Amino acid sequence: MSEQTRSAAAELPRSAVAVPERTDENGLPRPNFLRDGGGTLWSWLTTLDHKRIGILYMIMVMLFFFVGGLFALLVRLELFAPGEQFFGPDTYNRLFTLHGAVMIFLFIIPSIPAILGNFVLPLQIGAKDVAFPRLNLASWYIYMIGAIFALYSLVTNAADTGWTFYTPYSSSGSDTAVISITLGAFILGFSSIFTGLNFIVTVHKMRAPGMTWFKLPLMVWALYATAIIQVLATPVLGITLLLLVLERAFGVGIFDPAMGGDPVLFQHFFWFYSHPAVYIMILPGMGIISELITTFSHRNIFGYKFIAFSSLAIALVSFLVWGHHMFTSGQSEFAVMLFSFLTFMVAIPSAIKVFNWTTTLYKGSISFSVPMLYALSFLFMFTIGGLTGLFLGALSVDVHVHDTYFVVAHFHYVMVGGTVMAFIGGLHYWWPKMFGRMYNRTSAVAAWALVFVGFNMTFFAQFILGTQGMPRRYWTYPEQFQSLHGFSSSGSLVMGLGFLIMGVTLLAGALRGRVVGSNPWGSLTLEWTHATSPPEPHNYPNTPVVENGPYDFDKLVPRVDAPGEPGPEPEPAPAK
Amino acid sequence: MADAEAAEHPKYLQHHFSDAAQQRESSKLGMWIFLVTEVLFFGGLFTGYAIYHSWYPEIFHAASRVLDWRLGMVNTFILITSSLTFALAIRMLQVDRVKAAVWNLAATFALAGGFMVIKYIEYSHKFHVGQLPGKFYSYGGIDVANPHVFFSFYFMMTGLHGLHVLVGMGVILWLLIRTARGRFGASYHNPVEVAGLYWHLVDLVWIFLFPLLYLIA
């Protein structure tokens, strides 16, 4: 299969798209941002280059992915069998709290926007950098400070409140280091706000000549919609966590019923951010999938505008559904009905995307490259995650499965099966752009297969456990759940092994992989057609002038399955 | 040729922008978006205020009476005047009267300092008599249950606002020094302009805080 794919890609007439060579007209190698931006650690820590900042983020975020993954494995090990295996209930509470908090605030929220978004957004719109490079670097440092606060809680007296920090337990019940982890999340919020702010201004003001809104790659649309949510929702989390800190440190009484306060108000405030936040997590993933599906189907995306606007629709509706986390917390009947209805509304733009991706595949000439394997598994698992979300949005069902493993499985199908698959697919896709080298395909496929199988083993079992009544966040369980729990835990080990192989494969690829050309996939977006791999420090020697859409395969590249048919006349390389 | 390039790429123009207009528009849009996040940040507190006020109107009415509305009013005038002087500073830069701009910025800084002095007087009085938030509340002069709820909001809202005034003062001082050194003029004064937007928002938040805290009794 791999041979076939490679030869299919080789048949793509490269002349149709102007790919810059690695050497300039004098035969000298072009500068690249990895080598020519300075080689010292100091040059990296003070860099204003969005590509380097993306890589700085990648180092830290992947580190926390590893840490959060370790916590997850420890949780699953404890749950291998009922009763105490390795940890008692107190340690278990801390483990799942840290798993959640690290994965949400330190890994998944910054993952796609801060790593891949930072790297590709300016490239894709033909800009030299983001609008505010200094702010961009500052947001990385803010991320680091937030991480230190979160880690302080971890090493001193790890919090046990769950990542949602529900009051009154977080404000007066728990005697763990809640303040530092809450402040950590508060500070991380600012990092996220500044990234979002930077992206909005960049998309509005920094586009290359000819790059109209409807010529933007869909990744850019997705990052733009994400940035809107980051900017509008995160400040509310900020003030909420600040109130929690004040409540805990100074007893202001806002969430304390004994002092006239209301703990449920915390839930409202918290979910007003944290529901939109799940779209901060999934929307950029959807952007990546749009890129992958169209590139590896070698076909123009079906329904470009529908995909673009559905991102904005999701961003908008996401602000109106927070109450569906609180169906059992005590809301008026009218409110729960409204929230349930609005929750179903979100399914529409999400489904539009899935249908459009599937239609893009139809009659495409699909190559099963590694990023595409992740994209296809996204389609499969995100659909499961999305459809089970409808179960949870339905009032009568939710009352029964609320706070069970059904919710856990749903959430992980969307976040891991969706976002993480897209993120890793995106990493595999842009890796040769970042480093100019290709990873080993065989071990990358092996890693994908292990992750895919392991993930479904881990979490499909949890859907069944949830419907049978297994509540979340319990450190032990009755004998009857043992086989499913054991199955789930075994799956988590398979998945962990897969991620480990993936990490090693990518790292080895970056350091020693085969050197590849500027456009190994035959993509049509600017970062592939106009920039070298790795790109130059200022991205483009000349500002690109955009004439074609991002996915004009039909126009620019003759069909691979009809090699005899002459394609249209190639466009001359646009340059200023 | 080199001269033409220098004219197109003046010193203040950062390398990744293609011209000064793009840079100016970007920084303004960036500040407006930042102000949106500020509105939402304060919005959480205003929402909390609205909810608790509707639950306990009697606490808010009774406790609001102990605030000195005259001090609040003086501070309102001070901040509105400071917004005016800031706007004048920008106008003076636009017409290249740098010295006048420096004086206006200095006036803005002084007015902001005056606001904080009055705030300090108010705060120290409250600390003295125990009109404090939450569990620290020890004042005996308000005859309703849970009067500390009001003071929790009073201190959180004015405290957060005061923090913004302090940050603003730091920014104004920085701009003052740079303007005095001749860094800004008619052709380039983006930082002054976007800091002005920020300062007007700080002013605006206080215009909402003043009636909500001092005048509801």
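Throughout, a residue's number is its position along its own chain's written sequence, starting from 1. To label them, take the chains in the order written and letter them from A, then take the ligands in the order written and number them from 1. Local features in a predicted model are, by the rule used here, given only for residues with pLDDT of at least 70; side-chain atom pairs are given and counted only at 80 or more, and totals for whole chains, interfaces and linings are based on all residues.

1. Considerations on the overall build of chain A
Phase 1: Assigned secondary structure in chain A consists of 19 helices and two strands.
Phase 2: Across its three principal directions, the C-alpha atoms of chain A cover 75 × 45 × 45 Å.
Phase 3: Residue burial in chain A is summarised as follows: out of 576 residues, 56% are buried. Here a strand is any run of E in DSSP of at least two residues, a helix any run of H or I of at least four, and the numbering for each starts at the N terminus. Neighbour density around each residue's C-beta defines its exposure: 20 or more other C-beta atoms within 10 Å make it buried, 12 or fewer make it exposed, and counts between make it partly exposed, where C-beta atoms are placed from the backbone.

2. Topic: the overall build of chain B
Phase 1: Helix and strand counts for chain B stand at seven helices and zero strands.
Phase 2: Order of helices (α) and strands (β) in chain B, N terminus to C terminus: α-α-α-α-α-α-α.
Phase 3: C-alpha extents for chain B along the principal axes are approximately 80 × 30 × 25 Å.
Phase 4: In chain B, which comprises 217 residues, the proportion classed as buried is 37%.

3. So, the environment of B:Phe42
All names here are of chain B.
Phase 1: Here Phe42 lies in helix H2 (residues 20-55).
Phase 2: C-alpha separation for the pair Phe42 and Leu160, spaced 118 residues apart in sequence, amounts to 8.3 Å.
Phase 3: Note that contacts rest on C-beta atoms placed from the backbone: two residues are in contact if these are within 7 Å. When residues no more than four places from it in sequence are discounted, the contact partners of Phe42 are Leu160 and Val205.

4. Observations concerning the confidence of the model for chain A
Low pLDDT marks regions whose predicted coordinates should not be analysed in detail.
Residues and elements named next belong to chain A.
Phase 1: Per-residue pLDDT for chain A has a mean of 90; in total, 92% of the residues score no lower than 70.
Phase 2: Confidence per residue, as judged by the predictor, is encoded in pLDDT with a range of 0 to 100. Per-residue pLDDT stays below 50 along residues 1-16; that stretch engages in 24 contacts with residues further than four places along the chain or on separate chains.
Phase 3: Ignoring residues within four places in sequence, the model shows residues 560-576, a span with pLDDT below 50, making 28 contacts including any to other chains.

5. Digging into the packing of helix H9 (residues 218-250) of chain A against H2(B)
Phase 1: Inter-axis angles, ranging from 0 to 180 degrees, are taken between N-to-C directions of lines fitted to C-alpha atoms, where helices are fitted over the stretch in contact. In contact at an axis separation of 8 Å, H9(A) and H2(B) are set at 40 degrees when each is read in the N-to-C sense. In terms of axis orientation, H9(A) runs oblique to H2(B). The handedness of the crossing between H9(A) and H2(B) is right-handed. Judged by residue contacts, A:Val231, A:Leu232, A:Pro235, A:Val236, A:Gly238, A:Ile239 and A:Thr240 of H9(A) engage B:Ile33, B:Val36, B:Thr37, B:Leu40, B:Phe41, B:Gly44 and B:Leu45 from H2(B).
Phase 2: Class assignment for the residues of the contact of H9(A) with H2(B) results in ten nonpolar, four polar and no charged. Any angle that falls under 35 degrees is termed roughly parallel, while one over 145 is termed roughly antiparallel, one within 65 to 115 roughly perpendicular, and all others oblique. Left-handed describes a crossing whose near helix is turned anticlockwise from the far helix through less than a right angle; right-handed describes the clockwise counterpart. Throughout this entry, Asp, Glu, Lys and Arg are counted as charged residues, while Ala, Val, Leu, Ile, Met, Phe, Trp, Tyr, Cys and Pro are counted as nonpolar. The remaining residues, Gly among them, count as polar.

6. Observations regarding helix H10 (residues 263-297) of chain A
Three- or four-residue spacings in an α-helix give side chains the same orientation, since the helix completes a turn every 3.6 residues.
Residues and elements named next belong to chain A.
Phase 1: Helix span, expected: 1.5 Å multiplied by one less than the number of residues in the helix. With 35 residues, H10 should cover 51 Å at 1.5 Å per step; its first-to-last C-alpha distance of 51 Å lies within 8% of that length.
Phase 2: The quantity called bend is, for any residue, the angle between two axes fitted respectively to the seven residues ending at it and the seven beginning at it. The sharpest bend along H10 reaches about 35 degrees and sits at Trp271.
Phase 3: Most of H10 sits inside the fold, with 31 of its 35 residues counted as buried.
Phase 4: One or two positions beyond H10, positive phi appears at His298, with a value near 50 degrees.

7. Brief notes about the confidence of the model for chain B
Residue and element names in this part refer to chain B.
Phase 1: Looking at chain B as a whole, the pLDDT averages 92, with 96% of positions reaching at least 70.
Phase 2: Element-level mean pLDDT values for chain B span from 49 in helix H1 (residues 2-8) up to 97 in helix H7 (residues 190-214).
Phase 3: Taken as a whole, residues 1-6 scores under 50 in pLDDT and shows zero contacts with residues more than four places along the chain or in a different chain.
Phase 4: As scored by the predictor, the complex reaches a pTM of 0.92 and an ipTM of 0.92.

8. A closer look at the interface of chain B and chain A
You'll often see interface size given as the accessible area lost when the parts meet.
Phase 1: Counting residues at the interface gives 27 residues for chain B, matched by 29 residues for chain A.
Phase 2: No other element matches H2(B), which puts 15 residues into the side of chain B that touches chain A.
Phase 3: Residue composition of the side of chain B that touches chain A, grouped by class: 13 nonpolar, twelve polar and two charged.

9. A look at helix H5 (residues 98-129) of chain B
Residue and element names in this part refer to chain B.
Phase 1: For H5, built from 32 residues, the straight-helix expectation of 46 Å at 1.5 Å per residue is met to within 8% by its first-to-last C-alpha distance of 47 Å.
Phase 2: Buried within H5 we find Ala101, Val102, Asn104, Leu105, Thr108, Phe109, Leu111, Ala112 and Phe115.
Phase 3: Tucked inside the fold, the buried residues of H5 contact helix H4 (69-94) and helix H6 (148-180).
Phase 4: Two residues or fewer past H5, Gly130 is found with a positive phi of approximately 85 degrees.

10. Considerations on unusual backbone geometry
All names here are of chain A.
Phase 1: Of the consecutive residues Thr167 and Pro168, the connecting peptide bond is found in the cis state with omega at 0 degrees.
Phase 2: Between Ser533 and the following residue, Pro534, the backbone shows a cis peptide bond with an omega angle of -10 degrees.
Phase 3: Assignment of secondary structure puts Pro534 in the loop between helix H18 (526-529) and helix H19 (553-556).
Phase 4: The backbone phi angle of Arg473 is positive, close to 65 degrees, even though this residue is not glycine.
Phase 5: Positionally, Arg473 belongs in the loop between helix H16 (441-467) and helix H17 (482-512).
Phase 6: The backbone phi angle of Asn539 is positive, close to 70 degrees, even though this residue is not glycine.
Phase 7: Mapped onto the elements, Asn539 comes out in the loop between H18 and H19.

11. A short note on the environment of A:Val201
Residues and elements named next belong to chain A.
Phase 1: Here Val201 shows up in helix H8 (residues 178-205).
Phase 2: Taking the number of C-beta atoms within 10 Å as the measure of exposure, Val201 has 25 and is therefore buried.
Phase 3: In sequence terms Val201 and Gly261 are 60 residues apart; their C-alpha atoms lie 40 Å from each other.

12. Quick notes on the packing of helix H13 (residues 370-393) of chain A against H16(A)
The description of two helices packed together rests on the angle between their axes and the distance between the axes.
Residue and element names in this part refer to chain A.
Phase 1: The N-to-C vectors of H13 and H16 enclose an angle of 10 degrees; their axes lie 10 Å apart at closest approach. In terms of axis orientation, H13 runs roughly parallel to H16. Contact with H13, carried on its side by Val370, Leu373, Tyr374, Ser377 and Thr388, involves Arg441, Ala444, Val445, Trp448, Phe452 and Phe463 of H16 and no other residues of that element.
Phase 2: A per-class count over the contact of H13 with H16 returns eight nonpolar, two polar and one charged.

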